[in-house]
Amino acid sequence: MPGLNDKQLEACCTTDGPLLILAGAGSGKTRVITHRIAYLIDEMSVNPYNILAITFTNKAAAEMRERVDNLVGFGAESVWVSTFHSMCVRILRKHIDKIGGTSSFTIYDASEQKTVVKEVLKYLQLDPKLYPERAMLSAISKAKEGYMTPDDYEKAHAASFRDQKIAEVYREYQKRLQSNNALDFDDLIFKTIFLFETNPDVLAEYQTRFKYIMVDEYQDTNGVQFELVRLLASRYQNLCVVGDDDQSIYKFRGADIRNILDFEKVFTKAAVIKLEQNYRSTANILNAANAVISHNHGRKDKTLWTDNEDGDKIAFRQFDTAFDEAEYIVSDIKEHVEKGECDYQDNAILYRTNAQSRMFEEKFVTANIPYKIIGGINFYARREI
């Protein structure tokens, strides 16, 4: 396969049995997954119908779908490229009647979930100040990520009065969802696992169909996602997971880094291939990143390298206040533009939380510099302001 380096090629051609691909940032992992699918179909004569590729976001799934279509051509539409949740929706629409549901179920969004919890708290006569809706939904979501029913939750937290109340809220919440013929987002995976565990014939149907399974961004999987993949792959064991333990940032959303760190313990015959050549960054950026990442605890050992040139050195500055930081950055941008070295649109500021944008916006307004907030709301355009 042209355009692949040795390690990428090895990853594409290692098709039988469990495989962990440790893919560093910018090492071409999506390229490997799509070429691997093409290799399975073209070289191994695998029926596209027997291939499943799972990723996390609809955007990533659409991008992978497009790449597979371009690479494979005939038969590409039979490859099942999906997110975890959309895959579960398809399975449940077909089989949910086997676990006491109907295929016309609706999927509740965050505001609908909140409304149900509000009703539950009122019904159970619990003070929403002591049991806030948000905290209740978070606890229910965590329970479902741990594959715990209300009864399981109650037994696991027998010593805590507050958690016993949360178990009551969880139980009543599920009752109301059922009577409304609705599922929430976490139910999609939870119910699919329950369906598989209670209906071996349905599990066998999907195990037989998905002879080759690939999972992208594996470092972001949680407990139930891991269990779902394990069940599906348990017949043929042709499971390929791609991820990078150094890029796991979704612990707050339930991601369990142990899924990638302990992969070889669960799948004892697993092969491990590291993609360490970076195509995206200059050498200086990569060296700095490696030096920072090396301090992480509980990580797989790998060192990214690149053939790219050194590039500009990284400027590092520390500030006492957010005010000082914003003032420096805005004046630095202005200086570069006035010298004709760039336009305003050539600059980007990355920040961690939306609240941090306000200080920069104030400085841009004062300096009369045009700016655009991406993926958030301009502070001065907010309704309350």
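Residue positions are given per chain, counting from 1 as you read along its sequence in written order. Only residues with pLDDT of 70 or above have their local features reported here, since the model is predicted, and side-chain atom pairs are shown and tallied only from 80 upward, although totals for entire chains, interfaces and linings are computed over all residues. Heavy atoms from the whole structure form the basis of all side-chain values; hydrogens and water molecules are not counted.

Right, let's get into the overall build of the chain. Per the secondary structure count, the chain includes 16 helices and eight strands. Dimensions along the principal axes, computed over C-alpha positions, put the chain at roughly 70 × 60 × 40 Å. Burial classes follow relative accessibility: with a 1.4 Å probe on protein chains only, a residue under 20% of its type's maximum area counts as buried, one over 50% as exposed, and anything between as partly exposed. Split into buried and exposed, the 385 residues of the chain put 43% on the buried side. Any two residues having at least one pair of non-hydrogen atoms within 4.5 Å are treated as being in contact. A fraction of 74% describes how many contacts in the chain between residues 6 or more apart in sequence connect residues 24 or more apart. By the criteria applied, helices consist of DSSP H or I runs no shorter than four residues and strands consist of E runs no shorter than two, each listed in order from the N terminus.

A few words now on the environment of Glu 133. Relative to the assigned elements, Glu 133 resides in helix H6 (residues 133–145). Spatially, the C-alpha atoms of Glu 133 and Lys 118 are 6.5 Å apart, while their sequence positions differ by 15 residues. Not counting residues within four places of it along the chain, the set of residues in contact with Glu 133 comprises Lys 114, Val 117, Lys 118 and Leu 121.

Looking now at the side chain of Ser 357. Tracing the sequence through the fold places Ser 357 in helix H16 (residues 357–366). Note on Ser 357: relative accessible area 3%, which makes it buried. Leaving out residues up to four positions away in the same chain, Ser 357 has contacts with Tyr 351, Ile 373 and Arg 382.

With that settled, consider the pairing of strand S3 (residues 80–83). Side-chain direction in a regular strand flips from residue to residue, so the side chains alternate between the two faces of the sheet. Residue alternation in S3 divides its side chains into two sets, Trp 80 and Ser 82 and Val 81 and Thr 83, and both sets are buried. Any two strands are treated as partners once DSSP identifies two or more bridges connecting them. Examined bridge by bridge, strand S2 (residues 51–55) and S3 share four bridges and lie parallel to one another. Residue Leu 52 lies in a different strand from S3, and its bridge partner there is Trp 80.

Residue position: His 85 is located in helix H4 (residues 84–95). If we skip the residues at most four places from it in the chain, His 85 touches Phe 185, Leu 188, Ile 189 and Gln 225.

Bringing the environment of Lys 155 into the picture now. If you trace the backbone, Lys 155 turns up in helix H7 (residues 150–156). When its relative accessible area of 68% is taken as the criterion, Lys 155 is described as exposed. Placed 213 residues apart in sequence, Lys 155 and Asn 368 show a C-alpha to C-alpha distance of 60 Å.

Averaged over all residues, the pLDDT of the chain is 93; the fraction at 70 or higher stands at 100%. Each residue carries a pLDDT score, the predictor's confidence in it, ranging from 0 to 100. At the low end of the mean pLDDT range in the chain sits helix H3 (residues 58–72), at 87; at the high end sits strand S5 (residues 182–183), at 98.

Glancing now at H3. For a helix, the expected span equals 1.5 Å multiplied by the number of residues minus one. For H3, which comprises 15 residues, the first-to-last C-alpha distance of 21 Å matches the rise-based estimate of 21 Å (1.5 Å per residue) to within 8%. Taken together, the buried positions of H3 are occupied by Ala 61, Met 64, Val 68 and Val 72. Mapping the buried residues of H3 onto a view down its axis gives an arc of 65 degrees, with all of them on the same face. Turned more than 90 degrees from where H3 packs its buried face, Lys 59, Glu 66 and Asn 70 sit exposed. Looking at the residues trailing H3, positive phi occurs at Gly 73, about 80 degrees. Here the arc refers to the set of directions running from the helix axis out to each C-beta atom.

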